[in-house]
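Architecture and fold: a report
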Amino acid sequence: MDNLERYEDSYAIAEEFREWILHIGEKNESLRDSFLNLPKELKELLDQKVND
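Residues numbered from 1 in each chain as written. Predicted model: local features only at pLDDT ≥ 70, side-chain atom pairs only at ≥ 80, totals over all residues. Heavy atoms only, no water.

**Notes on the overall build of the chain**
Applied cut-off: Numbered from the N terminus, helices here are DSSP runs of H or I no shorter than four residues, and strands are runs of E no shorter than two. Residue exposure ignores everything except the shown protein chains as possible cover, and the areas themselves are Shrake-Rupley values with a 1.4 Å probe.
Of regular secondary structure, the chain possesses two helices and zero strands. Surface exposure of the chain reaches about 4,900 Å², of which carbon and sulfur atoms provide 50%.

**Observations concerning the packing of aromatic side chains**
Each pair of aromatic rings is reported with the distance of its centres and the angle of its planes. The line we're drawing: Think of it this way: a Phe, Tyr or Trp ring, Trp meaning its six-membered ring, pairs with another when their centres are within 6.5 Å, and the plane angle makes it stacked under 30 degrees, edge-to-face over 60, tilted otherwise. The rule is simple: take the accessible area with a 1.4 Å probe, protein chains only, and divide by the maximum for that residue type; under 20% is buried, over 50% is exposed, in between is partly exposed.
This model, assessed by the stated rule, comprises one aromatic pair. Geometrically, the ring pair formed by Phe17 and Trp20 is tilted, given 6.0 Å between the ring centres and 35 degrees between the ring planes. Here the residue Phe17 and the residue Trp20 both occupy positions in helix 1 (residues 7-23), the gap between them amounting to three residues, near one helical turn. The class for Trp20 is partly exposed, based on a relative accessible area of 24%.

**So, the pattern of salt bridges**
Condition: By definition here, a salt bridge exists when the distance from a side-chain nitrogen of Lys or Arg to a carboxyl oxygen of Asp or Glu is within 4 Å.
Scanning the model with the defined rule gives three salt bridges in all. Linking Asp9 and Arg6 is a salt bridge whose minimum nitrogen-to-oxygen distance equals 2.5 Å. Its relative accessible area of 26% is what places Asp9 among the partly exposed residues. When its relative accessible area of 27% is taken as the criterion, Arg6 is described as partly exposed. Two residues, Glu15 and Arg18, come together in a salt bridge whose shortest N-O distance is 3.2 Å. Of this pair, Glu15 and Arg18 both sit in helix 1, three residues apart, roughly one helical turn. A single salt-bridge network, built from bridges that share partners, covers Glu15, Arg18 and Glu19.

In structure tokens:
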């Protein structure tokens with residue numbers, strides 16, 4: 001995402017991943033609930049860049 005100059009989004013995802021790694025297993029929640037879902041528009045943009 002840094003290549004797309006989406007620095008704030010990149011930072012937010014990195015922070016979410018850090019929090020997830022640090023606290024995994026502390027809560028009794030299913031793994032599905034702990035996944036971060038990318039916004040649809042961002043996913044489409046990234047898919048387009050990968051396919052180019």
